[in-house]
Amino acid sequence: MKPGLRILSPGLGLTVQDLGRFGARHLGVPPSGAVDDYAHRVANWLVGNEAACATLEMTMGRARIEWLSEADIAVTGAAMGLRLNGMGRRQWISLRVRPGDVLELGVAENGCRGYLALTGGIGVPEVMGSRSTCLGGKLGGLGGRFLAAGDLLPGGCQPLLPEPRRLPWTPVYPEHHLLRAIAGPHDHLFQSWIDRFFAATFTISPQSDRMGCRLSGPAVERDAAAPAGIVSEPVVPGNVQIPADGQPILLLREQTLGGYTSIATVLSADLWRIGQARPGDTVRFVRVSLDTGQRLAGQWRDFLGQTERLLAAGLG
Amino acid sequence: MNRAVDNSSKTANQNASSVVRFRVSGDRALIAVYGDGIDPAINESVRRMSALIEAMRHPAIEAVVPSYCTLAVHYDPDQIDPAALSSLLGDLAAHAKEAAVPRAITVEIPICYGGEFGPDLDAVAAHNRLALEEIIRLHSGSSYRIYAIGFTPGFCYLGGLDPRLHTPRLATPRLQVPAGSVGIAGAQTGIYPQASPGGWQLIGRTPLSLFAPEREPPVCYRPGDSIRFRPIPAAAFLHLAREANR
């Protein structure tokens, strides 16, 4: 595939991500994938791609990118003061770029992660069924690493859009995040604390990354009779682990097993929200039953389907 | 909501060795619990169940991820509800003992002990007051069950290290441990599939690449299999390493 773009400056953390790698968790290969899969999907739909195409995930912004071929692109997610050839442009809308054009992103002003899609997706080779970068396993994306200045990425090999597309609304990210969560898998070890956990406000710590979002707040205590540690068990994205110091770690998408107990698990439909949480933001977990959680997650998937159809119909 | 799932699991065989409990891990996964602790019999139940669930090829089951005494079943909630899934898994567990599943295998991994490949072999020998040859004999003399694979792609959680080899981690972890390094940390032994920082005492290295994402399968062992280490001289290491890179 022909080169689509060149990284002039990678900013504060730039990786290739798609919806994830799901076939080999039993071999220790984590899912990876866009942390905010909502913004990732919309970026793809805006340029006429399938949701599964690879985008660039830009953490906290400040990247500069040169375009090497004609393509439709879209930047979604965190508001990053987008400029094309020095001219301010809007996000959540498709833009036509031509060879030599330079796209600049400033520091994220609202939200934490931006997503950049282009026609046909970022064309790095699939590794075990996905193009997502797994930093821990050094696989996927470009050499399994953060992108660096000078990197060339293939892309742009699909018919261009007949007319621009835009999302008819602009997501704005709050500084206080309400995350709906189901108790468990180890809620039985936190019976004396679980009500306080769901009432407490936690702060996002700066020591957060794609592995997990570290929270600080009241120290969550396990029941007196509960063991301090467990033999490693499978984990899922959204597990809220409670390590020995009681400060929760919300697991994202880069781990398959864990040796800490998890008091609750964020709904799959709400996990994208944490992708836009910034250090210093606050979080509260809202308890829902498994039944309700699955109904809400189903409604969210329906909403995603409607959004895809809306954008494909060009009604934006 | 754990209770709703727990109730439906009562269809499981109440025979102590195959009792299975379920925990809810979000809206798309159940954790099936087959016991507690690091125990080869429990881990064998996990391995058998994992194989049986995979063999079902149930359209609603997206993945099975086993660990020491639990396994995660990832499912599509649009296709099956958790009560039906736990009852299905409970029934499967009740017949797991008689069911035919593929046999676990023992994979032999060649290792060059000591020297540049195992810079901490002397320290492990000194800590345990044993000769170098005795460390190598003990370490390569038994087979190690793969209780789980995780932490990094292809990394095995191995059981069964001889207590005479237990050695604390390095006081200061290395910034870079070469891929294939074999180490000891407390009561554990293991292999680093990728180069990474690490604090294990390194006693040797294998020239094989344990995790190769372009290979199918990318890893030549599965959870529940065993590993046996075979000592090789440095010349054989270099030869095998050249072959592997060809």
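Scroll up a little and you will see the structure.
Now for a description of the structure that goes with this document. (Residues numbered from 1 in each chain as written. Chains lettered and ligands numbered in written order. Predicted model: local features only at pLDDT ≥ 70, side-chain atom pairs only at ≥ 80, totals over all residues. Heavy atoms only, no water.)

Thoughts on the packing of aromatic side chains
All names here are of chain B.
Then, number 1: Scanning the entire structure with this criterion turns up 19 aromatic pairs over all chains.
Then, number 2: Their ring planes at 65° and their centres at 6.0 Å tell us that Tyr68 and Tyr157 sit as a pair that is edge-to-face. Separated by 89 residues along the polypeptide, Tyr68 in the loop between strand E3 (61–66) and strand E4 (70–75) and Tyr157 in strand E7 (residues 156–158) bring together distant segments of the chain.
Then, number 3: Take Tyr68: its relative accessible area is 6%, and that puts it in the buried class.
Then, number 4: A residue is classified by how much of its surface remains accessible, and Tyr157, at 13% relative accessible area, is buried. (Phe/Tyr/Trp six-rings, centres within 6.5 Å; stacked < 30°, edge-to-face > 60°. Helix = DSSP H or I, 4+ residues; strand = E, 2+ residues; numbered from the N terminus. Buried < 20%, exposed > 50% of the residue type's maximum accessible area, 1.4 Å probe, protein only.)

Some details on helix H1 (residues 37–46) of chain A
Residues separated by three or four positions in an α-helix point in the same direction, a consequence of the helix having 3.6 residues per turn.
Residues and elements named next belong to chain A.
Then, number 1: Buried residues dominate H1, accounting for 10 of its 10 residues.
Then, number 2: Restricting attention to buried positions, one finds in H1 the residues Asp37, Tyr38, Ala39, His40, Arg41, Val42, Ala43, Asn44, Trp45 and Leu46.
Then, number 3: The N-cap of H1, judged by a side-chain oxygen 3.1 Å from the amide nitrogen of Tyr38 a few residues on, is Asp36.
Then, number 4: One or two residues past the end of H1 sits Gly48, with phi positive at roughly 85°. (Polar contact = N/O pair within 3.5 Å; in protein donor to acceptor, adjacent residues only side chain to side chain.)

Topic: the nonpolar core
In globular proteins that are soluble, nonpolar side chains generally tend to be buried together.
Then, number 1: Ranked by internal contacts, the top residues of the largest apolar core, which has 50 residues, are A:Phe197, A:Leu250, A:Ile263, A:Ile274 and A:Phe285.
Then, number 2: Non-local contacts of A:Ile263, meaning those with residues more than four positions away in its chain, are made with A:Ala183, A:Gly184, A:Asp187, A:Phe190, A:Ile194, A:Phe197, A:Val220, A:Val240 and A:Ile242. (Core = buried A, V, L, I, M, F, W, Y, C linked by side-chain atoms within 4.5 Å. Contact = heavy atoms within 4.5 Å.)

So, the pairing of strand E9 (residues 181–185) of chain B
Residues and elements named next belong to chain B.
Then, number 1: In terms of burial, E9 is largely enclosed, as five of its five residues are buried.
Then, number 2: Relative to strand E12 (residues 201–205), E9 runs antiparallel, the two being bridged by four bridges. Bridge pairing in E12 links Ile184 to Gln201.
Then, number 3: Where E9 meets strand E10 (residues 188–191), four bridges bridge the pair, whose relative direction is antiparallel. Pairing of Val182 across the sheet is with Ile191, part of E10.
Then, number 4: Connecting E9 to the next strand, E10, in antiparallel fashion are two residues, including Gly186 with a positive phi near 60°. (Pairing = 2+ DSSP bridges.)

A few points about the sheet that holds E3(B)
All names here are of chain B.
Then, number 1: Strand order in the open sheet made by the four strands is E1-E2-E4-E3, with antiparallel pairing throughout. For this open sheet the edge positions go to strand E1 (21–24) and E3, each flanked by a neighbour on one side alone. On average, adjacent strands in this sheet sit at an angle of 25° to one another, irrespective of strand direction. (Axes fitted to C-alpha atoms, helices over the stretch in contact; angles between N-to-C directions.)

A short note on the packing of helix H4 (residues 121–128) of chain B against helix H5 (residues 132–140) of chain B
How two helices sit against one another is set out by the angle between their axes and by the gap between those axes.
Residue and element names in this part refer to chain B.
Then, number 1: The geometry of H4 relative to H5 is characterised by a closest axis approach of 9 Å and an angle of 95° between their N-to-C directions. The orientation of H4 relative to H5 falls into the category roughly perpendicular. Residue-level inspection shows Leu121, Asp122, Val124 and Ala125 of H4 in contact with H5, the latter providing Leu132, Ile135 and Ile136. (Parallel < 35°, antiparallel > 145°, perpendicular 65-115°, else oblique.)

Quick word on the interface of chain B and chain A
Then, number 1: Between chain B and chain A, the contact holds 46 residues from the first and 37 residues from the second.
Then, number 2: Surface buried jointly by chain B and chain A totals about 3,200 Å² across both partners, of which 62% is contributed by carbon and sulfur atoms.
Then, number 3: Put simply, chain B and chain A have two salt bridges between them.
Then, number 4: Residue B:Asp78 is joined to A:Arg301 by a salt bridge in which the shortest nitrogen-to-oxygen separation is 3.1 Å.
Then, number 5: Linking chain B to chain A there are 11 residue pairs in polar contact (both at pLDDT 80 or more).
Then, number 6: Of all elements in the fold, only helix H1 (2–8), E1, strand E2 (29–33), E3, E4 and strand E6 (143–149) of chain B reach the threshold of two or more residues within the side of chain B that touches chain A.
Then, number 7: By residue number, the principal contributor to the side of chain B that touches chain A is E4(B), which donates five residues.
Then, number 8: When the residues that make up the side of chain B that touches chain A are grouped by side-chain class, the tally is 29 nonpolar, 11 polar and six charged. (Buried area = accessible area lost by both parts, 1.4 Å probe. Salt bridge = Lys/Arg side-chain N within 4 Å of Asp/Glu carboxyl O. Nonpolar A, V, L, I, M, F, W, Y, C, P; charged D, E, K, R; others polar.)

Re the sheet that holds strand E9 (residues 102–104) of chain A
Strand-to-strand pairing in sheets goes through backbone hydrogen bonds, with the strands running parallel or antiparallel.
Residues and elements named next belong to chain A.
Then, number 1: Overall, antiparallel pairing links the six strands, which are arranged E7-E6-E9-E4-E1-E11 in an open sheet. Strand pairing shows two members of the sheet lacking a second neighbour, strand E7 (87–88) and strand E11 (152–154), which therefore form its edges.
Then, number 2: Bridge count between strand E4 (residues 64–67) and E9: three bridges; the pairing is antiparallel. Opposite Ile65, over in E9, you have Leu103 as the bridge partner.

Describing helix H4 (residues 290–312) of chain A
Then, number 1: Compared with the 33 Å implied by 1.5 Å per residue over 23 residues, the 33 Å span of H4(A) between its first and last C-alpha is a close match.
Then, number 2: Listing the buried residues of H4(A) in full gives A:Leu290, A:Gly293, A:Gln294, A:Leu296, A:Ala297, A:Gly298, A:Trp300, A:Leu304, A:Gly305, A:Thr307 and A:Leu311. (Expected span 1.5 Å × (residues − 1).)

Side note on the pattern of salt bridges
Two side chains bearing opposite charge may form a pair once their charged atoms approach each other closely.
Residue and element names in this part refer to chain A.
Then, number 1: Summed over the entire model, instances satisfying the criterion amount to 21 salt bridges over all chains.
Then, number 2: A salt bridge links Arg96 to Asp72; the shortest N-O distance between them is 2.6 Å. In this pair, Arg96 is assigned in strand E8 (residues 94–97) and Asp72 in strand E5 (residues 71–79), connecting sequence segments 24 residues apart.
Then, number 3: As a salt-bridge pair, Asp270 and Arg180 come within 2.8 Å of each other at their nearest N and O atoms. With Asp270 in the loop between strand E19 (261–266) and helix H3 (271–274) and Arg180 in strand E12 (residues 176–183), this pair connects stretches of sequence that are 90 residues apart.
Then, number 4: Arg180 gets classed as partly exposed once you look at its relative accessible area, which sits at 24%.
Then, number 5: One salt-bridge network, held together by shared partners, links Glu57, Arg113, Arg210 and Glu254.

Let's talk about the state of the cysteines
Then, number 1: In the structure shown here, the tally under the stated rule is zero disulfides over all chains.
Then, number 2: You can see A:Cys134 has no disulfide; the closest cysteine sulfur is in B:Cys156, sitting 16 Å from it.
Then, number 3: Owing to a relative accessible area of 1%, A:Cys134 belongs among the buried residues under this scheme.
Then, number 4: A:Cys112 supplies the cysteine sulfur nearest to A:Cys213, a cysteine that is in no disulfide, at a spacing of 8.4 Å.
Then, number 5: Overall, the relative accessible area of 4% leaves A:Cys213 in the buried class. (Disulfide = S-S within 2.5 Å.)

Focus on the environment of B:Val65
Then, number 1: Following the sequence through the fold, B:Val65 ends up in strand E3.
Then, number 2: Assessed through its relative accessible area of 2%, B:Val65 is described here as buried.
Then, number 3: Considering only alpha carbons, one finds B:Val65 and B:Ala104, 39 residues apart in sequence, at a separation of 16 Å.
Then, number 4: Those residues in contact with B:Val65, other than ones at most four positions away along the chain, are A:Arg25, A:His26, A:Pro234, B:Thr70, B:Leu71, B:Ala72 and B:His74.

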